[in-house]
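Take a look at the letters that make up each chain.
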Amino acid sequence: MDLNKKQVTAVLGPTNTGKTYMAIETMLGFESGIIGFPLRLLAREVYEKVLKRVDPSKVALITGEEKIIPANARYFLCTTESMPIDKSVEFIGVDEIQMCADYERGHIFTDRLLNLRAEKITMFLGSHSMKNIIESLEEDVEFINKERFSKLTYSGQKKISRLNRKTAIIAFSVEEVYAIAELVRRQKGGSAIVMGSLSPKTRNSQVELYQSGDVDYLVATDAIGMGINMDINNVYFTDLKKFDGKKLRKLNLSEISQIAGRAGRHVNDGNFGITGQCKNLTSEEIELIENHKLESLQKVCWRNSNLDFNNFEALINSLEKKPDKLFLRRINDCEDEKILKYLLRNNSKFKIRNEKNVLKILWDCCQIPDFVKHTYGNHLEVVTKVFNFLISNKERIPNLYMREQIKNLDKLDGNVDTLTNRISNVRTWAYVSNKKNWVQNQDYWIERTKAIEDKLSNRLHEELTKSFIDRRASVLARSLKQDTVLETEIKNDKDVIIDGQYIGELKGLKLNLDFRTGALNTDIKSLKKAARQGIGPELTKRVNLIIFSGILKLNEDFRILWLDNPIAKITPGKNYLEPDIDLITDDILDLDPKNKLKEFLHNWLKNLINTELKDLVNLNKFEQKNSSVRALCYQLFENNGVLKRDYVNEFIKKLKQEDRKILRSLGVKIGRYHIFLYRIFKPSAVTIRVLLWKNFFQNNSKLNPPKFGLNFLDLKKIIDQKFMLICGFEKFENFFVRIDILERLFIKIIENNKKNKIKLNSDMINLLGCSKDNFIKLLKLMNYKVEKGEKENEIHFRYMPKNTNIKKKTIKKIQEK
């Protein structure tokens, strides 16, 4: 065959230049054609596109694990390894031809470059870095230079939490992909996952999540660089090193460029950068990537494909043959070659016959892919088992053995790793089933393995979605981006359901968003935006209902409650009777209803204070020319309506009868021990008065008034004396006595005073509601001398102040009164 008469075309350029599209269009312009792709999932993607344009009976899909080959097939979409090299067609294309430099698979691509030609046009698609190699071919090659449709720009380093939408994050191991996907779930709501090891079905389902807008982020391996086209604006690397099966090495610029080039599709510009602990690129490297000026490849990987199967030695020698061209580099120790050499080296154990046909079968078995990777011993066992079946008398793998291998894989339980491992194992048996004349009932096992892989793929997609996507955030984000009207439902007057997703609880006028465990950093903006659309009208409705009903309560924690939910809080104002109000509402509530609510609450609180504390309010407004009256009113107001008489005796002495009458009209009682507003000691008045006092002075917040109905308290613990006085209790060491009861007790004592001798009776004790012993102790604390009476159990007491003149005058005045 004279190769020089065949047209060879090299379509070279960076990503996003339409090379693959050009190859498909060119192939469909001929009667027949083959295109080889670097990935099974890419071959499947193009196969499905071609099916929409060509009669399905003319289109075939050939990969290691899947073969759909109609009898009259004219167009073949394949993985590069599975291309039918013995088929005569008018067009042949090989995508990503720069893979010739790949250490693991490069020799396959190089073999296609050197040896595979079509009847009319052979087209190689790839990077400019391959131009020197292709020029070295002893053929007349037409070069077509493709320019990128959009600009690619370096955007520097960013934290994952700061990455914009439509971003792909690149990692180089399964473990890293899952770890980053979990981080993105917590910070961004979720991501789709793309890896070369995913089955086409799982991969397509994940891509659809991204393309549909359910998620805005993609976490992928370098498989994304192989012709997978999605709407990606940004690509960020988490590392610039990868394990290539042999060692951990730095990515070359061609590989970085290939992956970075996935940012920006068609005419949309793209950005690439680094994130996490990834080391910076140099300015020279950045410039080369941005301008697609990559270093030309000087050598590509090669291994002799024309093998000699006459005997062991001939086979090994042909495998180890050295190349005859300077740009070819002999590749050593591929997985299939390692297994072959191991088996031949240990032939005393395996008993392999040194025959041509047997060695051909052995070599085919050695090429069974190790999809599981981490279990080399198991893979070796699979190879030897299959080989032994194929050289047996039946020359087939029996149904019983296939059934045993498959039965433990047809299970849908387990986590992501378990499901992934099962799919990898199923792919092995799908590959075996698709090999011609390898298994009994081949059609059955092809369908069986395909069905199991599809079931597992669907289950893996579900598990990936559950593990790495916050479904609520993604649904809301998608609805918001599409600017659709969100369907809002409020259950039980509190549970907020938007588009079927529970987003939080509405308490009063405040929405408490539901930040679930493990998703504390989920997309708050999406939740808030959805809430704004959904519950804004409900909040306005509630404001109107509050204003209409007016059923509110001022709680002991300074908050104003509506239906037991806080809607506002009082804060210190001009004085303790005029507090300010801070609304407890969501930002979603518009300004107009907020202002209406605040004005209503101010009026409601003012009316409450004017009703319960009318005397205090009037006292604050009272104007009097008499300085003593004015000073007394000021002091009384400043001390919340109660004063110890000793503190203001000088003012009391200056009061005239007319002044006392004015004070009485204001509700002021001038007692023996205290001056106070007697109407403000009702339970409801005490509650609000103490609350307003604590709010204004911002202290004693943990103290509460004593239980209402008690006149006498025996407290062992230390308690604030001033606070208790405001509550209406006077302190006598450990005892506290209500001040109005104290005045009534004083009156009873005076009424029973005979020659400065008072007989203790039950009325006095009952008035305080304490024990007789405690009453006697109290009398002593009040400077009364207690004595035994003439009769048994009779007690007398008399007042013994230090200044007897004060005693006589006081008693005389009260008796006159």
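This text gives an overview of the structure that appears in the document. What you see is a predicted model, and the numbers here were worked out from it, not measured in a lab.

1. Concerning the overall build of the protein chain
Then step 1. Within the protein chain one finds 29 helices and 35 strands.
Then step 2. Taking 2.2 N^0.38 as the reference for a compact globule, 817 residues should give roughly 28 Å; the C-alpha atoms of the protein chain span a radius of gyration of 46 Å, well beyond that estimate.
Then step 3. For the protein chain, with 817 residues in total, the buried portion stands at 52%.
Then step 4. Relative to all contacts within the protein chain whose residues are 6 or more apart in sequence, the contacts with residues 24 or more apart total 66%.
Then step 5. With the model as given, the accessible surface of the protein chain reaches about 40800 Å², and the carbon-plus-sulfur share is 47%.

2. Thoughts on the packing of aromatic side chains
Then step 1. Inspection of every chain in the model, using the stated rule, returns 15 aromatic pairs.
Then step 2. Here the aromatic rings of F389 and Y401 are separated by 4.9 Å at their centres, their planes lie at 55°, and the arrangement is tilted. In this pair, F389 sits in helix 13 (residues 376–390) while Y401 sits in helix 14 (residues 399–407), placing the two residues 12 residues apart along the sequence.
Then step 3. On the basis of relative accessible area, Y401 is assigned to the buried category, the value being 10%.
Then step 4. Between Y401 and W429, the aromatic rings sit 5.8 Å apart at their centres with planes inclined by 75°, giving edge-to-face as the arrangement. Taken together, the residues span a long stretch of sequence, with Y401 in helix 14 and W429 in helix 15 (residues 416–434) at a distance of 28 residues.
Then step 5. Taken together through their ring pairs, the aromatic side chains of Y576, F637, W693, F696 and F697 make up a single cluster.
Then step 6. Its guanidinium or amino end placed over the ring of Y673, R672 lies 5.1 Å from that ring's centre, counting from NZ or CZ.
Then step 7. In this structure, R689 is placed above the aromatic ring of F681, and the distance from its NZ or CZ to the ring centre is 4.9 Å.

3. Observations regarding the sheet that holds strand 33 (residues 758–759)
Then step 1. Here 3 strands make up an open sheet; going across it, the order is 33-35-34 and the pairing antiparallel. One side of each edge strand has no neighbouring strand; the edge strands of this open sheet are strand 33 and strand 34 (784–788).
Then step 2. The pairing of strand 34 with strand 35 (residues 795–799) spans 5 bridges and is classified as antiparallel. By the bridge assignment for strand 35, K788 is matched with I795.

4. Some details on unusual backbone geometry
Then step 1. Of note, F558 is a non-glycine position whose phi angle comes to about 75°, a positive value.
Then step 2. Within the secondary structure, F558 sits in the loop between strand 23 (553–554) and strand 24 (559–562).
Then step 3. Given the relative accessible area of 13%, F558 is considered buried.
Then step 4. A positive phi angle, close to 65°, is found at N640, a residue other than glycine.

5. Considerations on the packing of helix 10 (residues 335–345) against helix 12 (residues 356–366)
Then step 1. At their nearest, the axes of helix 10 and helix 12 sit 8 Å apart, and the two run at 130° to each other. With respect to their mutual orientation, helix 10 and helix 12 come out oblique. Like other packed secondary-structure pairs, helix 10 and helix 12 cross with a definite hand, here right-handed. Residues D336, E337, I339, L340, L343 and L344 of helix 10 lie in contact with helix 12, whose contacting residues are L362, W363 and C366.

6. Some thoughts on the packing of helix 20 (residues 614–621) against helix 21 (residues 627–638)
How two helices sit against one another is set out by the angle between their axes and by the gap between those axes.
Then step 1. Relative orientation of the contacting elements helix 20 and helix 21 amounts to 135°, with a least axis distance of 9 Å. Relative to helix 21, helix 20 is oriented oblique. Along this stretch, helix 20 crosses helix 21, giving a crossing that reads as left-handed. For the pair helix 20 and helix 21, the contacting residues are L616, L619 and N620 in the first and C633, L636 and F637 in the second.

7. Notes on helix 3 (residues 106–115)
Then step 1. Burial within helix 3 is extensive, with 9 of its 10 residues counted as buried.
Then step 2. Within helix 3, the full set of buried residues consists of G106, H107, I108, F109, T110, D111, R112, L113 and L114.

8. What about the sheet that holds strand 23?
Then step 1. With respect to topology, 4 strands assemble into an open sheet ordered 23-24-25-26, the strand pairing being antiparallel. On the outer flanks of this sheet lie strand 23 and strand 26 (580–583), each paired with one strand and no other.
Then step 2. With 2 bridges joining them, strand 23 and strand 24 adopt antiparallel strand pairing. Within strand 24, the residue paired with L554 across the bridge is I560.

9. Section: the side chain of T571
Then step 1. By the element assignment, T571 lies in strand 25 (residues 565–571).
Then step 2. Judged by its relative accessible area of 17%, T571 falls in the buried class.
Then step 3. Not counting the four nearest positions on each side in its chain, T571 is found in contact with P579, D580, I581, D582 and N695.

10. A few points about the nonpolar core
Then step 1. Core analysis: the largest hydrophobic core is formed by 70 residues, its most contacted members being L552, I560, I567, L577 and L601.
Then step 2. In terms of residues, this core owes the most to one element, helix 24 (residues 683–697), which gives 7 residues.
Then step 3. Look past the residues within four positions of L552 in its chain and what remains in contact with it is I546, I560, L561, W562, I567, F600, L601 and W604.
Then step 4. Of all hydrophobic cores here, the second largest spans 63 residues; its members include V219, F309, C365 and M402.

11. Observations concerning the pairing of strand 1 (residues 7–12)
Then step 1. When you tally the buried positions in strand 1, you get 5 out of 6 residues, the bulk of the element.
Then step 2. When strand 1 meets strand 7 (residues 121–126), the two strands line up parallel, connected through 6 bridges. Pairing of L12 across the sheet is with G126, part of strand 7.
Then step 3. Of the strand pairs in this sheet, strand 1 and strand 8 (residues 141–145) are connected by 5 bridges, and their pairing is parallel.

12. Regarding the environment of P537
Then step 1. Here P537 shows up in helix 18 (residues 524–549).
Then step 2. Sequence separation between P537 and N458 is 79 residues, and the spatial gap between their C-alpha atoms is 41 Å.

13. As for empty space enclosed by the protein
Then step 1. Evaluation of the coordinates by the stated rule reveals 2 cavities of 30 Å³ or more.
Then step 2. A volume near 130 Å³ is recorded for the largest cavity.
Then step 3. Counting residues per element, the lining of the largest cavity draws most heavily on helix 7 (residues 253–260), which supplies 3 residues.
Then step 4. In terms of residue class, the lining of the largest cavity is built from 2 nonpolar, 10 polar and 2 charged.

14. Concerning the pattern of salt bridges
Then step 1. Evaluated as defined, the whole model comprises 49 salt bridges.
Then step 2. Its salt-bridge partner being E453, residue R40 comes within 3.0 Å of it at the nearest N-O pair. On the criterion of sequence distance, the pair formed by R40 in helix 2 (residues 40–51) and E453 in helix 16 (residues 442–468) is long-range, its members being 413 residues apart. This pair shows no difference in class: R40 is buried, exactly as E453 is.
Then step 3. With a closest N to O distance of 3.8 Å, K49 and E45 form a salt bridge. Taken as a pair, K49 and E45 lie in helix 2 at a separation of 4 residues, close to a single helical turn.
Then step 4. Judged by relative accessible area, which is 45%, K49 ranks as partly exposed.
Then step 5. When salt bridges that share partners are traced, they join R40, R44, E48, E65, E66, R427, K450, E453 and D454 into one network.

Reading the values: rules and limits
- Residues numbered from 1 in each chain as written.
- Predicted model: local features only at pLDDT ≥ 70, side-chain atom pairs only at ≥ 80, totals over all residues.
- Heavy atoms only, no water.
- Helix = DSSP H or I, 4+ residues; strand = E, 2+ residues; numbered from the N terminus.
- Rg over C-alpha atoms; globule rule 2.2 N^0.38 Å.
- Buried < 20%, exposed > 50% of the residue type's maximum accessible area, 1.4 Å probe, protein only.
- Contact = heavy atoms within 4.5 Å.
- Areas by Shrake-Rupley, 256 points an atom, 1.4 Å probe, with all protein chains shown as cover.
- Phe/Tyr/Trp six-rings, centres within 6.5 Å; stacked < 30°, edge-to-face > 60°.
- Lys NZ or Arg CZ within 6 Å of the ring centre and 35° of its normal.
- Pairing = 2+ DSSP bridges.
- Axes fitted to C-alpha atoms, helices over the stretch in contact; angles between N-to-C directions.
- Parallel < 35°, antiparallel > 145°, perpendicular 65-115°, else oblique.
- Left-handed = near helix turned anticlockwise from the far one by under 90°.
- Core = buried A, V, L, I, M, F, W, Y, C linked by side-chain atoms within 4.5 Å.
- 1 Å grid on protein atoms, 1.4 Å probe; cavity = no way out; pocket = protein on both sides within 12 Å on 5 of 7 lines; lining within 4 Å.
- Points joined across faces, edges and corners; volume = space filled by probe spheres on them.
- Nonpolar A, V, L, I, M, F, W, Y, C, P; charged D, E, K, R; others polar.
- Salt bridge = Lys/Arg side-chain N within 4 Å of Asp/Glu carboxyl O.

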